[in-house]
Structure formats: C-alpha cells, structure tokens
Amino acid sequence: MPAHRPRIVPASVHGELVEALAQLHVELELPGAFSADVEGDARRAADGVPIAPAAAAVDDLRDVDFLTIDPEGATDLDQALHLERTPTGAVLHYAIADVPAFVEPGGAVDAEARLRGQTLYAADGRIPLHPVVLSEDAASLLPDRDRRAFVWRFVLDEGARPLETTLRRATIRSRAQWTYVDAQAAVAGGTAPPTFHALEWFGGQRLAREAERGGASLNVPETRIVADDGGYRLERDAPLPIEDWNAQVSLLTGMAAADIMLRGGVGILRTMPAADPDDIAAFRAQTAALGIPWKDDVSYGDYLRGLDRTSPAALAILDAAAGLFRGAGYAAFDGAPPSDPAQAAIGAPYAHTTAPLRRLVDRWSLVVCEALANGRAVPRWARESLPTLPKIMGRSDGLASRLAGATLDRVEAALLSGREGREFEAVVLGARNGGVRVQLTDPPVTAKVAAVDLPAGTTVRLRLRSVDIATGSVELVPP
C-alpha cells in the first residue's frame, strides 16, 4: 500500500498535547524513573559482568558477521543475525541479548523489571523495562562492540525448514546497525550484504511454510506516532518486505523455543485459542458482503495474503480479521504441557524469546531453553518463578494496550484540532456499539461515529464537529 503523506500536529496545539500526554502518565499510573538502588545495581552489572569469552566461559563467535536491523533511532538492540546460503539450504545464526547475565535473580533490577513487565512506548518517550545503562548500552547488541548473547544456530534445508537447532551462550560482535529503510534500499540496489540477500530467500520460504501450517500474517498498515523537530507527526504505511522477512526469523526462533520447552516438560508459551466457528462464519459472510468472498477451498492465511490492501473493502476485511483471533495469553507449565499449546494465528506452539531487553518473559524463555538444549537442569530461580509470569505479563500487556490506544487518540485529536467544520472522506471499517468505526483517508485517523448505520467498506463523507485533545475524543457526524 502506498504510504500516506505524514501529517504534523499543528504548533498551535503542541503545548496542549504535551500536557495531555503528561496527564496520561498520571491517569495510567505509569512507572517513573528508576530508584537509586536499581540504577546502582544496573551500573555495577554493566561494569562487572565479564564479556571476554574466556572470562565469561562462553563461546567465542566474534568471527561471525552479525548485523542488526531495527527502526530508525533504536538503541535497545535485542537481536543480531547472520544468514549464509549453502548448497542445500542455509545456516542461520540469531543472537539475542544476554540480559540474564546482567540481571541477578532477586536483585533490585529483577524486582523492578517484574513490576514493569515490558518497555512501554509513548509519544513523549519510552519507559524502559531496564535502566538504560543496560538496555541501551551494556546489554544492547550495538555495533563494533563485544557483547554477550544467546546464539541460536539453525541448519536449514532448501525450504528453510530447521534440520538442526542449537542454542549456546557466546560473545559476539555486530558489524553494523541497519535501519529497515536503508536495508531495503540496499537489497533493491544490489549493494546489500550477503545476509540480507539470503534473508529475502528465507522470508519467502518461511511465508510458504506459514501457509502450509495454516498460519496468517496480517501485516496491516500501522499508524505510527513520530517525534518531529519538537513536535509530533502521524504516519501510516505498510511494512517493508524486509520487515516481514526479519519477522519470520523471530517466528522461527519462537517456534523452536516452544518445541524445546514442550519436549523438556517445562517453560512458558505464548498461546492463542482457535477462532470461534461462529466468528469465522460471520467473518466469511462479511467478506462476501464486501465483494471479496473468502472461498471454502482457500486457507485463511492465503486469503489475507491475496488481498489488495489499497481498497476500502480490504481495509474493512483486515479490520475484522484483526479481531477474529482473541484471547492471547501465556501458559506456564512444569510437567504436563498446556491442553492447547498452540498460538492459533501462527499455526504452531510459540514462545516469546527474542526481545529480553524489552519484555520480561523472554529472559525466562532463554534461560530455560539454553539449559534444556544443553542437557542441564533449569535454574531453580527460573523454574520456581514461572507460574508468576502469566499474571505479570497479562497486567503489563493490558497497560501497554491502554497506553498505545490513549496516546494515539490524543495525537489524532491534536492533528485534527482547528479543522472543526471541515468535511473528510472516510472508509467504514465495521459496526461498533451502536455506531460505526471509520478511518479517514487523509489524515489517517480512526474514530467512532455514533448513531450511523452503514455497511463496512462504504466510502462516506463526514464533518468534524469537535475535538478534545485532553481526552482524545473526536466527534464526526454526517454532513
């Protein structure tokens, strides 16, 4: 889908938006600065944890040409990869930041991380899971620096299926930090390093494997709030192909982690039940009503992958599809596995394990998997605390969702401020609580319109009656 032109919040309401965002921190009781005890423990770990392979008693993989790919400006780098094609497939090295090396179980950093659960992202800055001396420095896989990592090694066949999987702790050294935009341009221009060219092959093969197992990647255009020269702007565009390829590396690793834990009889999975049959029937009927019927002989994932995502009908279908799978959660186990271990949207058991700088549960997944993969007992602290994680992560996920939604509402309201009385073109996404949910064509604002009954996929003109930046409310009415 072509990118929408970025829309900038007017300078005249910047102060009001800043105040509204600050108030949101109070309303949601978001974490503040780390205490002196936490910062002190983090600094001591940053200074004292051995990095050299011999001192740390880990493998030396500094000769592997790892690279990182992240959004522009990222400094908390969880993952680095190296992918090399072979005559029979490929070998993938995937390094994940060794956060457990820097966080003492039961210490001040650990206790605070369990309170936070994950890094929170707001328009006015992120609220990190760990002090920045760790998350953006000592534990981050920054380029041209020796760093501790858990390294997954996959021997892949020609279909990018794993034939052999190992997991070891090591010292690595990333050669370069790439943004998605620069990496995609390098691939298109033929100047990319071999890893990125191999990643294109890998992504295509793994998407084919996803289709085979019945998984689905929505890859819907994402609305992003971007800080811009002291203000904010809103951007909405589809993910770049290299983002999808890179996401498949994380998915493969998460499925491998789930397999190790299920075979080892201990761990924590990211689960999601299958969609309810009645919901599937309703979704299928909606696709027919929108003129793009989901045929019986086409899988759910193949149907979504085949949509023309630039059409109003496709936008409405994707909005409905995003709500088809619900009930994602975490299932910890020690002994008998969960009765339904699958993540239905992925089409396989899956575990979060690739973002330990930003998500608490990944630290446990890495420690458990590394022990099981190498025939050792799972550390007692990790095993005993597994049952506490689903509640911690559920609470944290809820807070992150409320923050993201409320932040976007306030930035969208600020973006429309001063345009009261103007008319906008919009696409109806679907019915919502006595009204409809719409997405404006430009700027890419999503809002609810009360007391309107129009079918999904309809293009309509609406008049902006009022906005309230403090609450993030936008009132749109028929002209």
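Note: the structure precedes this text.
Treat the numbers as computed from the prediction; the structure is a model and nothing was measured. (Residues numbered from 1 in each chain as written. Predicted model: local features only at pLDDT ≥ 70, side-chain atom pairs only at ≥ 80, totals over all residues. Heavy atoms only, no water.)

Engineer: Tell me about the nonpolar core, residues and numbers included.
Structural biologist: Residues Leu92, Trp152, Leu199, Phe202 and Ile242 are the most contacted members of the largest nonpolar core, which totals 55 residues. Apart from residues no more than four positions distant in its own chain, Leu199 is found in contact with Ile69, Leu81, Leu83, Ile242, Trp245, Asn246 and Val249. Residues Tyr232, Val436, Val438 and Ile469 belong to the second largest nonpolar core, which totals 30 residues. (Core = buried A, V, L, I, M, F, W, Y, C linked by side-chain atoms within 4.5 Å. Buried < 20%, exposed > 50% of the residue type's maximum accessible area, 1.4 Å probe, protein only. Contact = heavy atoms within 4.5 Å.)

Engineer: Any chance you could break down the pattern of salt bridges for me, citing the residues and the numbers?
Structural biologist: All told, the structure shown has 33 salt bridges when counted by the stated rule. Ionic pairing is found between Asp98 and Arg169, a salt bridge with its closest N-O pair at 2.9 Å. Highlighted residues: Asp98 in the loop between strand 5 (89–97) and helix 4 (108–116) and Arg169 in strand 9 (residues 162–179), separated in sequence by 71 residues. Classification of Arg169 by relative accessible area gives partly exposed; the value is 24%. In this structure, Asp334 engages Arg383 in a salt bridge whose closest nitrogen and oxygen atoms are separated by 2.9 Å. Taken as a pair, Asp334 in strand 13 (residues 329–334) and Arg383 in helix 13 (residues 380–385) lie far apart in primary sequence, 49 residues in all. Connected through shared salt-bridge partners, Asp60, Arg62, Asp146 and Arg173 make up one network. (Salt bridge = Lys/Arg side-chain N within 4 Å of Asp/Glu carboxyl O. Helix = DSSP H or I, 4+ residues; strand = E, 2+ residues; numbered from the N terminus.)

Engineer: Explain the pairing of strand 9 to me, using residue names and the numbers behind them.
Structural biologist: Both strand 2 (residues 59–60) and strand 9 contribute to a ladder of 2 bridges, which runs parallel. Across the sheet, Asp60 pairs through a bridge with Thr171, a residue of strand 9. Bridge analysis of strand 3 (residues 66–70) against strand 9 gives 5 bridges, and the strand direction is parallel. The partner of Leu67 across the bridge, within strand 9, is Ala176. Bridge count between strand 8 (residues 146–156) and strand 9: 11 bridges; the pairing is antiparallel. By the bridge assignment, Val155 is partnered in strand 9 with Glu164. Taking the residues that link successive antiparallel strands as the turn, the strand 8-strand 9 hairpin has 5 residues, and the phi of Ala160 there is positive, at about 60°. (Pairing = 2+ DSSP bridges.)

Engineer: Quick rundown of the environment of Asp276? Include the residues and the values.
Structural biologist: Structurally, Asp276 can be placed in the loop between strand 12 (266–271) and helix 9 (277–289). A residue is classified by how much of its surface remains accessible, and Asp276, at 37% relative accessible area, is partly exposed. For the pair Asp276 and Leu324, spaced 48 residues apart in sequence, the C-alpha to C-alpha distance is 8.1 Å. Of the polar contacts made by the side chain of Asp276, one reaches the backbone nitrogen of Asp278; its length is 2.8 Å. (Polar contact = N/O pair within 3.5 Å; in protein donor to acceptor, adjacent residues only side chain to side chain.)

Engineer: Can you explain unusual backbone geometry? Please cite residues and give values.
Structural biologist: Note the cis peptide between Asp442 and Pro443, where omega equals 5°. In this model, Ala57 sits at a positive phi of 60°, which is unusual for a non-glycine residue. In this fold, Ala57 is placed in the loop between helix 3 (53–56) and strand 2. Phi at Asp144 takes a positive value of approximately 60°, unusual for a residue other than glycine. Here Asp144 lies in the loop between helix 5 (132–138) and strand 8.

Engineer: Pulling in residues and values, what's your account of the sheet that holds strand 18 (residues 446–450)?
Structural biologist: Strand order across the open sheet formed by 5 strands is 18-17-16-19-20, with antiparallel pairing between neighbours. Strands at the two margins of the open sheet, each flanked by one partner only, are strand 18 and strand 20 (473–477). Sheet twist, expressed as the mean angle between neighbouring strand axes with direction ignored, is 50°. Pairing of strand 19 (residues 459–468) with strand 20 involves 5 bridges; the strand directions are antiparallel. (Axes fitted to C-alpha atoms, helices over the stretch in contact; angles between N-to-C directions.)

Engineer: How would you explain the side chain of Ser365 if you had to name every residue and give the values?
Structural biologist: Within the secondary structure, Ser365 is located in helix 12 (residues 360–373). In this structure Ser365 comes out as buried when scored by relative accessible area, which is 1%. At a separation of 2.8 Å, a polar atom in the side chain of Ser365 contacts the main-chain carbonyl oxygen of His352.

Engineer: Please set out the packing of aromatic side chains residue by residue, giving values where relevant.
Structural biologist: When we look at a pair of aromatic rings, we describe it by the centre distance and by the angle of the planes. In this structure the tally under the stated criterion is 7 aromatic pairs. The interplanar angle of 70° and the centroid separation of 6.0 Å between the aromatic rings of Phe283 and Tyr300 together place this pair among those described as edge-to-face. Residue Phe283 is located in helix 9, and its partner Tyr300 is located in helix 10 (residues 300–305); the two are separated by 17 residues in the primary sequence. Take Tyr300: its relative accessible area is 11%, and that puts it in the buried class. A network of ring pairs unites the aromatic residues Phe283, Trp294, Tyr300 and Tyr303 as a single cluster. If you follow Arg284 out to its NZ or CZ, it ends over the ring of Trp294, 3.9 Å from the centre. (Phe/Tyr/Trp six-rings, centres within 6.5 Å; stacked < 30°, edge-to-face > 60°. Lys NZ or Arg CZ within 6 Å of the ring centre and 35° of its normal.)

Engineer: Which residues make up the packing of helix 8 (residues 241–264) against helix 12, and what values do they have?
Structural biologist: The geometry of helix 8 relative to helix 12 is characterised by a closest axis approach of 9 Å and an angle of 60° between their N-to-C directions. Comparing the axis directions of helix 8 and helix 12 gives the class oblique. Read as a crossing pair, helix 8 and helix 12 show a hand that is left-handed. On the side of helix 8, the interface is formed by Ala257, Ile260, Met261 and Gly264, while helix 12 contributes Ser365, Val368, Cys369, Leu372 and Ala373. Here the contact of helix 8 with helix 12 is composed, by residue class, of 7 nonpolar, 2 polar and no charged. (Parallel < 35°, antiparallel > 145°, perpendicular 65-115°, else oblique. Left-handed = near helix turned anticlockwise from the far one by under 90°. Nonpolar A, V, L, I, M, F, W, Y, C, P; charged D, E, K, R; others polar.)

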